[in-house]
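# Breakdown of the fold
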Amino acid sequence: MFFHLIFLLSLSSILAGITEETPKYTVLSLGPGYEIRSYETQLRATTQGDSTKSMFGRLARYIGVFGVPENIKDGAPKNIPMTAPVVMRHKAEGKMEMSFILPASRYSTLESVPTPTDANVMVHSEAGSVVAALTFSGDYHLDNCGPKVEQLKAALEAASIQPSTPFSFDFLGYNSPWTPPAQRKNEVLIPVVY
């Protein structure tokens, strides 16, 4: 039954495109193949680790994808709707973290968000930022985003736009793993001084 449900959700994602809530942003300017965007503050559930599979599983259990959510609010677990994209942050020191952006339509303050019961999941407020964004298709893994990061860095250098320091980037995946790679929407975001 569970795999049947996942298959149907994946098929609907493939046919209908991205149906989950996505974060709002304002496009400040356009460059050749990229956008400069301003994002508002977001509420996120985040975890760190070495394996994307284990990080995704931890966050999915927090929101209730696999059954009873691993969170508590008002004395009971609460299901949290899935949003898009899933955010992978690659920091300068080589550490990885994964975040689910919590639905702004449901949670407006940190206090309104269910508390994780797994100590490896933290809920926090991610400050608004200005970023350069490059959109592309393909598989959702670091091997594909590395060249895109370099492409975006070169475009920013050519436009005399400075990345924020310390350098970091986010890799965003909008689709389920069952979406064919050519139909997936991925993005690389680099915070910039703008």
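So, here's what we can say about the structure. (Residues numbered from 1 in each chain as written. Predicted model: local features only at pLDDT ≥ 70, side-chain atom pairs only at ≥ 80, totals over all residues. Heavy atoms only, no water.)

### Side note on the overall build of the chain
Along the chain, the regular secondary structure elements total 3 helices and 12 strands. Residues classed as buried in the chain amount to 41% of the 194 residues present. Counted over contacts in the chain with a minimum sequence separation of 6, partners at least 24 positions apart contribute 68%. (Helix = DSSP H or I, 4+ residues; strand = E, 2+ residues; numbered from the N terminus. Buried < 20%, exposed > 50% of the residue type's maximum accessible area, 1.4 Å probe, protein only. Contact = heavy atoms within 4.5 Å.)

### A word on unusual backbone geometry
The peptide bond linking Ala84 to Pro85 adopts the cis configuration, its omega dihedral lying at 5°. Its place among the elements puts Pro85 in the loop between strand E4 (71-72) and strand E5 (86-90). In this model, Thr165 is joined to Pro166 through a cis peptide bond whose omega is -5°. Within the secondary structure, Pro166 sits in the loop between strand E10 (162-163) and strand E11 (169-173). Although it is not a glycine, Asp74 sits at a positive phi angle of roughly 55°.

### Some words on the pattern of salt bridges
All told, the structure shown has 8 salt bridges when counted by the stated rule. Salt-bridge contacts for Glu187 lead to Arg37; the nearest nitrogen and oxygen are separated by 2.6 Å. With Glu187 in strand E12 (residues 186-193) and Arg37 in strand E2 (residues 34-39), this residue pair connects regions lying 150 residues apart in the sequence. Here Arg184 and Asp139 are joined by a salt bridge, their closest N and O atoms 3.3 Å apart. With Arg184 in the loop between E11 and E12 and Asp139 in the loop between strand E9 (129-136) and helix H3 (142-158), the pair connects residues that are 45 residues apart, well separated along the chain. According to the relative accessible area criterion, Arg184 is buried, its value standing at 12%. On the basis of relative accessibility, which here comes to 31%, the residue Asp139 falls in the partly exposed class. (Salt bridge = Lys/Arg side-chain N within 4 Å of Asp/Glu carboxyl O.)

### Thoughts on the packing of aromatic side chains
Per the stated rule, a full pass over the model turns up 4 aromatic pairs. Residues Tyr25 and Tyr39 carry aromatic rings whose centres are separated by 5.1 Å and whose planes lie at 50° to one another, so their mutual orientation is tilted. Here Tyr25 is found in strand E1 (residues 25-31), whereas its partner Tyr39 is found in strand E2, with 14 residues between them in sequence. A ring pair is formed by Phe136 and Phe171, whose centres lie 6.0 Å apart and whose planes are at 5°; its orientation type is stacked. Here Phe136 is found in strand E9, whereas its partner Phe171 is found in strand E11, with 35 residues between them in sequence. Per residue, the accessibility class of Phe136 equals that of Phe171, and both read buried. When the ring centre of Tyr25 is taken as origin, the NZ or CZ atom of Arg37, which lies over that ring, is 4.1 Å away. (Phe/Tyr/Trp six-rings, centres within 6.5 Å; stacked < 30°, edge-to-face > 60°. Lys NZ or Arg CZ within 6 Å of the ring centre and 35° of its normal.)

### Things to note about helix H2 (residues 52-63)
Residues that lie three or four places apart on an α-helix share one face, since the helix turns once every 3.6 residues. Given a rise of 1.5 Å per residue, 12 residues ought to cover 16 Å, and the 17 Å separating the end C-alpha atoms of H2 matches this to within 8%. When H2 is considered as a whole, its buried residues turn out to be Met55, Gly57, Arg58, Leu59, Ala60, Tyr62 and Ile63. Where H2 is buried, its residues contact strand E3 (42-48), E4, E5, strand E6 (96-101), strand E7 (115-116) and strand E8 (122-126). Positive backbone phi, at 100°, marks Gly64, one or two positions downstream of H2. (Expected span 1.5 Å × (residues − 1).)

### What to know about the pairing of E3
Burial of E3 is extensive: 6 of the 7 residues sit out of reach of the surface. Here E3 pairs with E6 via 5 bridges, running antiparallel. Residue pairing in the sheet places Arg44 in a bridge with Ile101 of E6. (Pairing = 2+ DSSP bridges.)

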